[in-house]
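An overview of the molecular structure
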Amino acid sequence: MRALCLAGLILLAGCKTDAAPQFPKAERGVAPIVSSRWSTEESRDRRNEADKIMDLSGVSEGMTVADIGAGEGYYTIRMAARVGPKGRVVAEDIMTDAYNALAQRVLDKKLQNVSVKRGTPDDPGLPAGSFDRILMVHMYHEIAEPYAFLWHLRPALRRGGRVIIVDADRATNDHGTPPLLLQCEFAALGYKMVEFREAAFAGGYLATFEAVSPRPEPSAIRACALARAGK
């Protein structure tokens, strides 16, 4: 019997486990998701918001782009027209109501170049090596696990791909992200901010990031302290 028990222990010791990687917790507040929109589509179009953001982001015909936290699809619909039939838009959201409403909108408009998918709070679940641009508009401050989220996001970018953040310069728990904090959290995952522009017409600023160094192991990631990253 002792021999059998020892054999069992040896077999168990030799088994590999697929434990989920452990990421540091963000040392900052998280804004609650209170709505799938931050302004009406009509008022945003009067400011020509989507076209200006797409111009600044370099979204063009034939690209594959992701709209993270797509909500009711303000950007999704307009990016679909911009990238055209040879391009592709993947719209992602974690909210059931937003996902269902956007899926129905895409179906009603017969948008053949748009896919709608559900993500999770710490992983958008995007296919690897697929995207020229990944946009997150007024939603980054709602990400409770930014280090896990950005780590899972990295493989989705194509070579030369960029992540575009549109947000407001205020505290995260007040539905914004201070630019220095944003830059610090991205840098922790090997991204570099390559462009920063004021974008008052879109309610804040636009920051552009590229992946410039290897993706770190989760255990090597260090959380940004508010005192040194900007409150």
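Residues numbered from 1 in each chain as written. Predicted model: local features only at pLDDT ≥ 70, side-chain atom pairs only at ≥ 80, totals over all residues. Heavy atoms only, no water.

**Describing the overall build of the protein chain**
Along the backbone of the protein chain there are eight helices and seven strands. The buried share of the protein chain, reckoned over its 231 residues, is 46%. Of all intrachain contacts in the protein chain linking residues separated by at least 6 positions in sequence, the fraction that spans at least 24 positions is 75%. (Helix = DSSP H or I, 4+ residues; strand = E, 2+ residues; numbered from the N terminus. Buried < 20%, exposed > 50% of the residue type's maximum accessible area, 1.4 Å probe, protein only. Contact = heavy atoms within 4.5 Å.)

**What to know about the sheet that holds strand 2 (residues 88–93)**
Strands in a sheet are paired, the pairing made by backbone hydrogen bonds, and the direction either parallel or antiparallel. Read from one edge to the other, the open sheet built from seven strands follows the order 3-2-1-4-5-7-6, with strand pairing classed as mixed. Whereas interior strands pair on both sides, the edge strands pair on one side only; in this sheet they are strand 3 (114–118) and strand 6 (191–199). Direction aside, the axes of adjacent strands within the sheet are offset by 20° on average. Against the sheet, helix 3 (residues 49–57) touches strand 4 (131–137), strand 5 (157–167), strand 6 and strand 7 (204–211), its axis set at about 135° to strand 4. Seen against the sheet, helix 7 (residues 179–187) touches strand 4, strand 5, strand 6 and strand 7 and runs at an angle of roughly 15° to strand 7. (Pairing = 2+ DSSP bridges. Axes fitted to C-alpha atoms, helices over the stretch in contact; angles between N-to-C directions.)

**Describing the nonpolar core**
With 34 residues, the main nonpolar core has Leu126, Ile134, Met136, Val163, Phe186 and Tyr191 as its most contacted residues. Only strand 1 (64–68), strand 4, helix 6 (146–153), strand 5, helix 7 and strand 7 provide two or more residues apiece to this core. Looking at this core element by element, the count peaks at six residues for helix 6. With near-sequence residues (within four places) excluded, Phe186 lies in contact with Met136, Tyr140, Leu150, Val163, Ile165, Tyr191 and Phe209. With 27 residues, the next largest nonpolar core counts Ala50, Leu111, Val114 and Ala199 among its residues. (Core = buried A, V, L, I, M, F, W, Y, C linked by side-chain atoms within 4.5 Å.)

**Examining the pairing of strand 1**
Burial within strand 1 is extensive, with five of its five residues counted as buried. The alternating pattern of strand 1 places Thr64, Ala66 and Ile68 on one face and Val65 and Asp67 on the opposite face, and all of these are buried. Here strand 1 pairs with strand 2 via five bridges, running parallel. From the neighbouring strand, Ala66 faces strand 2, where its bridge partner is Val90. Following the backbone out of strand 1, through helix 4 (residues 74–83) and into the adjacent parallel strand 2, one traces a crossover that is right-handed. (Right-handed = clockwise from strand over helix to strand, strands pointing away.)

**Focus on the pattern of salt bridges**
One pass over the structure, following the stated rule, counts 12 salt bridges. Between Glu41 and Arg78 there is a salt bridge, with the nearest N and O atoms lying 3.3 Å from each other. Of the two residues, Glu41 is situated in helix 2 (residues 41–46) and Arg78 in helix 4; the sequence distance between them amounts to 37 residues. Residue Glu41 shares its accessibility class with Arg78, and that shared class is buried. Glu210 serves as the salt-bridge partner of Arg162, at 2.6 Å between the closest nitrogen and oxygen. Taken together, the residues span a long stretch of sequence, with Arg162 in strand 5 and Glu210 in strand 7 at a distance of 48 residues. Judged by relative accessible area, Arg162 falls into the partly exposed class, the value being 24%. With relative accessibility at 22%, the residue Glu210 sits in the partly exposed group. Linked by salt bridges that have partners in common, Glu41, Asp45, Arg78 and Arg105 make up one network. (Salt bridge = Lys/Arg side-chain N within 4 Å of Asp/Glu carboxyl O.)

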